[in-house]
Structure formats: structure tokens, C-alpha cells
Amino acid sequence: MRGQRPLLAIMIVASLYAQAAAAQAEAAQEYKLPAGIPAEFQYTPPAANFTVRGTPHLQSAVALVVDQVDGKTLYAKNPHIRTPIASITKLMTAMVTLDANLPMDEVITITENEIDTLKGTRSRLHVGMQLTRLELLQLALMASENRAAAALGRTYPGGQGAFMAAMQHKAASLGMVNSHFADATGLDSRNLSTAEDLVKMVKAAYRYQLISDLSTSPGYYVVNGDRYVPYKNTNKLVNQKDWVIGLSKTGFINESGRCLVMQAFLNNKPVIMVLLDSAGKFTRIADAVRVKQWLEGVTPTRIAGTRLAKNKTVRVAKQNKPGKRLVLAKPDKRKRVVASLKSPHYR
């Protein structure tokens, strides 16, 4: 009898392991990849979701981190507060522009209408410069260029009034019930939203392949006569080799503080991150790193004041013709994107 006890215990343990393995296999079979995740990032996740310990100490006044697959909230801080969103607005500007199916190779001239008389911000896009609609979209998303965004709104069919109406309609269609849009740039502090609504907007914008590509491109040169005007991405994390970012947008006016929204793959899982009203210059970047360390189970390290590695990889802008292929390369070359002016913008 005594000799049978160890054997019985082993049989019980083996049975429990078999049941657990069967349950995990069944869960994996039932899993279906949701629409909106690009093919190059498709994967079969484990049955369990994020396993996190503790809570990250974020300095942003408003923060929301969501699992993109199942919509589960991983972290929330004042997600219902309605606050100015500054240039995060440009994601809506980009979606409305692309929804209109306008020719991306159309040449648009910067006019005095694009001069910022509200905040007095400056721009390197001088009156009289000519760029394609695609170039304006790139500068608006990547470098948060205000005159580029304003020109997109001005040249929308029906003008600024029709563009504003289209922005409101798009927000309503996405269920952004606590959001309001007042201009195409985000300079107007009446551009308001909540972290919860912005998660919806980021999730929708990420489904536009072109927005994903342009917002995460590291740099760009605008050709102005015989001069090359360099532009860099306002989110330095897109240059970091340990980040895989599918969408990025920063924003800042005095009323909003510094803001950052991203779609990124953390611990091999897609996450949407919203960070609003960060006081310090580097706070939003530091908070994003804290979230990454938290979800990946990495011991937090000192972030504030850390110099981020620079990367000089940029793309030279040339006059684009219909069908001309544009190559946008990630600096770490892990994600190489080829966008054609003839290809669909929506995935």
C-alpha cells in the first residue's frame, strides 16, 4: 500500500498537467486575430493575457494603456477627463483627408491662410512653397507641421467648413462622444477629448496603412529650390531599436501640456497608449518607457534626463508622380514599408 501512494500522486499530477495543456490548446484554437493588425506582426499569442505586477508611477496627468486585441484596460489614470489634445488632432485630420480619396500627388501651394495667427507659431514652410498632398500629410503626422495640416484642411472639398464638419462626423462614427474638433492643426484649445476617446481614434487611425507608415517615419527632407529642409519625427522613440511602434503622434500647446499617443508592440503584444498633460519636456517619453518596462517585467531604471540615441536616417523628398513608389524605412530596418500612391490607404 505504501508503495502505491507515490505512484498515485504522480498520476494525479500528470492528469492535472494534461488538463491544463488541453485547456490552453483549446483557447489557442479559438483565438482569431482581429482586423487591423498588419500581416508582418501577426502572431499566435498564448492563452493568457498580460501578466503584470504592481502599477507604474506615471507622471502624466491623464494616462490610459489598453490591450489592442481584447480592449482590456491595463492602466488608467483620469481616463474620463476632457482636456485639450493639441496636435493629436492631426490624426483626425489625416483620416478625414484620406477618407476623401483626394489625389495624393496633387501639388498644393502654401498660402498666407496657413500662417498661425492664433498662437504665433513659426514654420519652415514659407508662403509660396509647393508640396504634394502626400508630403503635407507626412510633415503633419511625423513633424507635427502646423502649416501642412492647415493646408490639408483648406484644400478639402468645400473648404474649412466642410472639413470641420467631416471631422465631427468621423468622431461621431467612431463613438468619440466626448470629443470636439475646432481646427485641423490642434493649435485651437477647443480641440478636446478624453483618453478613452483617443484610444478609439488611435485604433481607427492605425488601420490606415499610410498613417501608420508616415507617423513612424524617422525623418524627411523637403526640397526648397536648391536647399534641403530637414524634418525629424517629434517622437524620438521611433528611432529606438527596442521599440516596435505602429503609430505615433505627439502634441503640445500650453493649455494641453505635452501629449503622446502610440500604438506599439510591447512584450510581443499590441498596445495602445495615451499620455496627456505631461508637465516636463521629457515626461511623456519617460512615461512611455515606464509602461514598456512595466509590461515587459523589466526593473524600472532612471529615465529622466537620459539622452536618447540619435539616428540620422532620413528620406529625401522628391517631386512625386502618380504611381511613383515611396520607400519609407525604419532606422533599425526591422520594418521596411513601401507605399504606392496607387495602393489603398486603408487596411
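The notes below deal with the structure included here.

The rules behind each value
- Sequence order as written defines the numbering, with residues in each chain counted from 1.
- Owing to the predicted nature of the model, reporting of local features is limited to residues with pLDDT of at least 70; listing and counting of side-chain atom pairs is limited to 80 or more, with chain, interface and lining totals taken over all residues.
- With hydrogens and water set aside, each side-chain value is computed from the structure's full complement of heavy atoms.
- Elements are defined by DSSP. Helices are runs of H or I of four residues or more, strands are runs of E of two residues or more, and each kind is numbered from the N terminus.
- Summary of the burial criterion: residues with accessible area below 20% of their type's maximum are buried, those above 50% are exposed, and those between are partly exposed, where the area comes from a 1.4 Å probe applied to protein chains only.
- In what follows, residue pairs with any heavy atoms lying within 4.5 Å of each other are defined as contacts.
- Using the Shrake-Rupley algorithm and a 1.4 Å probe, accessible areas are obtained, with residue cover drawn only from the displayed protein chains.
- Note: two strands are recorded as paired if DSSP finds a minimum of 2 bridges between them.
- Angles shown run from 0 to 180 degrees and are taken between the N-to-C directions of axes, each axis being a line fitted to C-alpha atoms and, for helices, limited to the stretch in contact.
- Side-chain atoms alone can form a polar contact between residues adjacent in sequence; in general such a contact is a pair of N or O atoms within 3.5 Å, and within protein one must be able to donate a hydrogen while the other accepts it.
- Salt bridge, as used here, is a side-chain nitrogen of Lys or Arg placed within 4 Å of a carboxyl oxygen of Asp or Glu.
- A helix is expected to span 1.5 Å for every residue after the first.
- Think of it as the arc spanned by the lines of direction from the helix axis to the C-beta atoms.

## Let's talk about the overall build of the protein
A tally of regular secondary structure across the protein gives eight helices and 14 strands. Looking at the protein as a whole, 50% of its 347 residues qualify as buried. Contacts in the protein between residues at least 24 apart in sequence constitute 64% of all its contacts with a sequence separation of at least 6. Counting only carbon and sulfur atoms, one obtains 53% of the accessible surface of the protein, whose full area is about 17,200 Å².

## A word on the sheet that holds strand S9 (residues 245-253)
Taken in spatial order, the five strands line up as S2-S1-S11-S10-S9 in an open sheet, and their pairing is antiparallel. In this open sheet, the two strands that pair with only one neighbour each are strand S2 (73-77) and S9. Direction aside, the axes of adjacent strands within the sheet are offset by 5 degrees on average. Where strand S10 (residues 257-266) and strand S11 (residues 269-278) come together, eight bridges link them in antiparallel fashion. Among the inter-strand pairings, Leu260 is bridged to a residue of S11, identified as Leu275. Along the sheet face, helix H6 (residues 195-206) touches strand S1 (62-67), S9, S10 and S11 and points at about 135 degrees away from the line of S11. Where helix H8 (residues 283-295) meets the sheet, it contacts S1, S2, S9, S10 and S11, and its direction lies at approximately 30 degrees from that of S10.

## Points about the side chain of Ser278
Its place among the elements puts Ser278 in strand S11. Given the relative accessible area of 1%, Ser278 is considered buried. Among the polar contacts listed, one links the side chain of Ser278 to the side chain of Ser60, at a separation of 2.6 Å. Setting aside chain neighbours within four positions, we find Ser278 in contact with Ser60, Gly257, Arg258, Thr283 and Arg284.

## Concerning the pattern of salt bridges
The full count for this structure, using the stated rule, is eight salt bridges. Here Arg133 makes a salt bridge to Glu106, at a shortest N to O gap of 2.9 Å. Within this pair, whereas Arg133 is found in helix H3 (residues 133-142), its partner Glu106 is found in the loop between helix H2 (89-99) and strand S4 (107-109), the two being separated by 27 residues in sequence. Given a relative accessible area of 35%, Glu106 falls into the partly exposed group. The partner of Asp188 in a salt bridge is Arg190, with the nearest N and O atoms 2.7 Å apart. If you follow the salt bridges from partner to partner, you end up with Asp242, Lys292 and Glu296 in one network.

## Examining the pairing of S11
With nine of its 10 residues buried, S11 lies for the most part within the structure. Strand direction decides the pairing type here: S1 and S11, joined by six bridges, are antiparallel. Of the residues in S11, the one forming a bridge with Leu64 is Val274. Counting the residues between successive antiparallel strands, the hairpin from S10 to S11 contains two residues, one of them, Asn267, with a positive phi of roughly 55 degrees.

## A look at the environment of Gly246
Here Gly246 is to be found in strand S9. Owing to a relative accessible area of 0%, Gly246 belongs among the buried residues under this scheme. With 25 residues separating them along the chain, Gly246 and Val271 place their C-alpha atoms 9.7 Å apart.

## Some points on unusual backbone geometry
Glycine aside, a negative phi is what most residues show, and trans is what most peptide bonds show. Residue Ser144 is not a glycine yet carries a positive backbone phi of 55 degrees. One can find Ser144 in the loop between H3 and helix H4 (146-154). Of note, the phi angle at Asn268 is positive, near 65 degrees, even though the residue is not glycine. Inspection of the secondary structure assignment puts Asn268 in the loop between S10 and S11.

## Brief notes about helix H5 (residues 159-173)
Its 15 residues give H5 an end-to-end C-alpha distance of 21 Å, which sits within 8% of 21 Å, the value for a rise of 1.5 Å per residue. Looking at H5, one finds that the buried residues are Gly159, Phe163, Met164, Ala166, Met167, Lys170 and Ala171. Summarising the axial view, the buried residues of H5 lie within an arc of 160 degrees, below the 170-degree limit, and thus occupy one face. Opposite the packed face of H5, turned more than 90 degrees from it, sit the exposed residues Gly161, His169 and Ala172. The secondary structure elements touched by the buried residues of H5 are H2 and H4. At the exit of H5 stands Gly175, carrying a positive phi of roughly 80 degrees.

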